[in-house]
Amino acid sequence: MKYLDIRETQIAIKKLKDFFEENLSERLNLTRVSAPLFVKPKTGLNDNLNGIEKPVSFTMRKYNEELEIVQSLAKWKRFALRRYGFKSGEGLYTDMDAIRPNEVLDKTHSLYVDQWDWEKVILKEERTERHLKSIVDDIYDVFVKTERYINSCYPFLSNKLPERITFITTQELENLYPKKNPEEREYLICKEKKSVFLMKIGKVLDSGKPHDGRAPDYDDWELNGDILFWNPVLNEVMELSSMGIRVDKESLLKQLKLTNCEERLDFEYHRQLIKNKLPSTVGGGIGQSRICMYFLEKQHIGEVQASVWTDEIIEECKEKNIFLL
């Protein structure tokens, strides 16, 4: 069986990323911008992700002020869209690099996160499930085109994506597999459908538990979701993107109350949102290393990004002839 060696992999990564980035920006009408690596905690711009991850922080020694490495740029992007004068139908994207010290290392999880963070201005009346699905369809079309392109460059790679992505809510998924846990449900639906957009993540389901945690102050839990692909190389599910229509005043207040996080209303970002001074937006992140791993059919994310691994993981990869960058 033919495969990409180390140097070929590096060349393929560049080809794949360039193609995907160009097509994504064109399809969604996005302009590339520069973005911060760290922010001030008091601004409230950093993301809490599932609400338990602690960001990496450090102190500016000469100024005695603490800064945090970004965990994502969901809130910063919304400020930037307003500051840069973006209009409805226009958006931005950027390379986002982050450090996730709480991550449990495995084949698809690393301490280092690299993704395209994107955000787009929408009209208030476009804050609908229908509009969210149309954007997901646009992004999925870019995934399909990327697969065709990279497979034309390396014909030994396989076609893994179906023509269309399947849409399903977390409640529908729970109803489908009521005796399974969330991870098992994702496994079963993705193995069957190959590509899934799992919607409405964060809200409590009929079982009394949410499918998964989601920070209460960026995605509207009724209008968000994850793009999940079935990875035949690993025989498991891969999350390629987390995205959604962002909270407005009403959904922000509701979700902060549900999670007992109303103290966040003291942050500048949240005050601006309550005053309706930020645009309505939709946005998300798309994992760069993960799409490389998926399309180039790699067994470990360390084959497409340079990171730090435990001695046990390094030894295990050596035994399996997996070359970690």
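A short tour of the structure in this document, coming up. Residue positions are given per chain, counting from 1 as you read along its sequence in written order. A pLDDT threshold of at least 70 governs which residues receive local features in this predicted model, and a stricter bar of 80 or more applies before side-chain atom pairs are shown or counted, although totals over entire chains, interfaces and linings include all residues. Heavy atoms throughout the structure, all of them, feed into the side-chain values; hydrogens and water do not.

1. Focus on the pattern of salt bridges
Next up, step 1: The working definition used for a salt bridge is a side-chain nitrogen of Lys or Arg within 4 Å of a carboxyl oxygen of Asp or Glu. Evaluation of the coordinates by the stated rule reveals 27 salt bridges.
Next up, step 2: Of the charged contacts, one joins Arg-127 and Asp-248 as a salt bridge, the two residues approaching to 3.1 Å between their closest N and O atoms. Taken together, the residues span a long stretch of sequence, with Arg-127 in the loop between strand 6 (112-121) and helix 3 (129-153) and Asp-248 in the loop between strand 10 (236-246) and helix 6 (249-258) at a distance of 121 residues.
Next up, step 3: Arg-246 serves as the salt-bridge partner of Asp-219, at 2.5 Å between the closest nitrogen and oxygen. Taken together, the residues span a long stretch of sequence, with Asp-219 in strand 9 (residues 219-231) and Arg-246 in strand 10 at a distance of 27 residues. Pair check on accessibility: Asp-219 and Arg-246 agree, each one buried.
Next up, step 4: In the salt-bridge network here, residues are joined through shared partners; they are Lys-77, Asp-117, Glu-119, Asp-219 and Arg-246. Each helix is a run of DSSP H or I of at least 4 residues and each strand a run of E of at least 2, with the numbering of both proceeding from the N terminus. The classification of residues rests on relative accessible area computed with a 1.4 Å probe and restricted to protein chains. Under 20% of the type maximum is buried, over 50% is exposed, and intermediate values are partly exposed.

2. Some remarks on the environment of Glu-66
Next up, step 1: Within the secondary structure layout, Glu-66 lies in strand 4 (residues 65-69).
Next up, step 2: Residue contacts for Glu-66: discarding those within four places in its chain leaves Lys-40, Pro-41, Ser-57, Phe-58 and Thr-59.
Next up, step 3: Polar contact is defined as a pair of N or O atoms within 3.5 Å, subject to the rule that within protein one atom must be able to donate a hydrogen and the other to accept it, and that residues adjacent in sequence are counted only when both atoms are side-chain atoms. Within the local environment of Glu-66, its side chain forms a polar contact with the side chain of Ser-57, the two groups lying 3.1 Å apart. Any pair of residues with heavy atoms lying within 4.5 Å of one another is described as a contacting pair.

3. Some words on the state of the cysteines
Next up, step 1: When two cysteine sulfur atoms are found within 2.5 Å, that pair is recorded as a disulfide. Taken as a whole, this structure holds zero disulfides when the rule is applied.
Next up, step 2: With no disulfide of its own, Cys-153 lies closest to Cys-292 among cysteine sulfurs, the gap being 13 Å.

4. Overview of the packing of aromatic side chains
Next up, step 1: The pairing test for Phe, Tyr and Trp rings, Trp by its six-membered ring, is centres within 6.5 Å, and the orientation test on the planes gives stacked under 30 degrees, edge-to-face over 60, and tilted for anything in between. Scanning the model with the defined rule gives 13 aromatic pairs in all.
Next up, step 2: A ring pair is formed by Phe-20 and Trp-116, whose centres lie 5.1 Å apart and whose planes are at 25°; its orientation type is stacked. A residue pair is termed long-range when its members are at least 10 positions apart, and Phe-20 in helix 1 (residues 6-28) and Trp-116 in strand 6 qualify at 96 residues. Pair check on accessibility: Phe-20 and Trp-116 agree, each one buried.
Next up, step 3: Think of it as a cone above the ring: NZ of Lys or CZ of Arg counts as a charge over the ring if it is within 6 Å of the ring centre and within 35 degrees of the ring normal. Here the guanidinium or amino end of Lys-160 rests over the ring plane of Tyr-294, the centre of that ring lying 5.3 Å away.

5. Overview of the nonpolar core
Next up, step 1: We call a set of buried residues a nonpolar core when its members are Ala, Val, Leu, Ile, Met, Phe, Trp, Tyr or Cys and they connect through side-chain atoms within 4.5 Å of each other. Trp-118, Ile-139, Phe-143, Met-243, Ile-286, Ile-291 and Leu-296 are the most contacted members of the largest nonpolar core, which totals 50 residues.
Next up, step 2: In terms of residue count, the dominant contributor to this core is helix 3 (nine residues).
Next up, step 3: Leu-73, Ala-80, Leu-256 and Cys-261 belong to the second-largest nonpolar core, a separate cluster that totals 22 residues.

6. As for the side chain of Glu-21
Next up, step 1: Its location among the elements puts Glu-21 in helix 1.
Next up, step 2: Despite its burial, Glu-21 pairs with no opposite charge, the nearest such side chain being Arg-32 at 4.0 Å.
Next up, step 3: When near neighbours in sequence (up to four residues on either side) are disregarded, Glu-21 contacts Arg-32, Tyr-93 and Trp-116. Note on charges: Lys and Arg go in the positive column, Asp and Glu in the negative column, and His and the chain ends are not counted at all.

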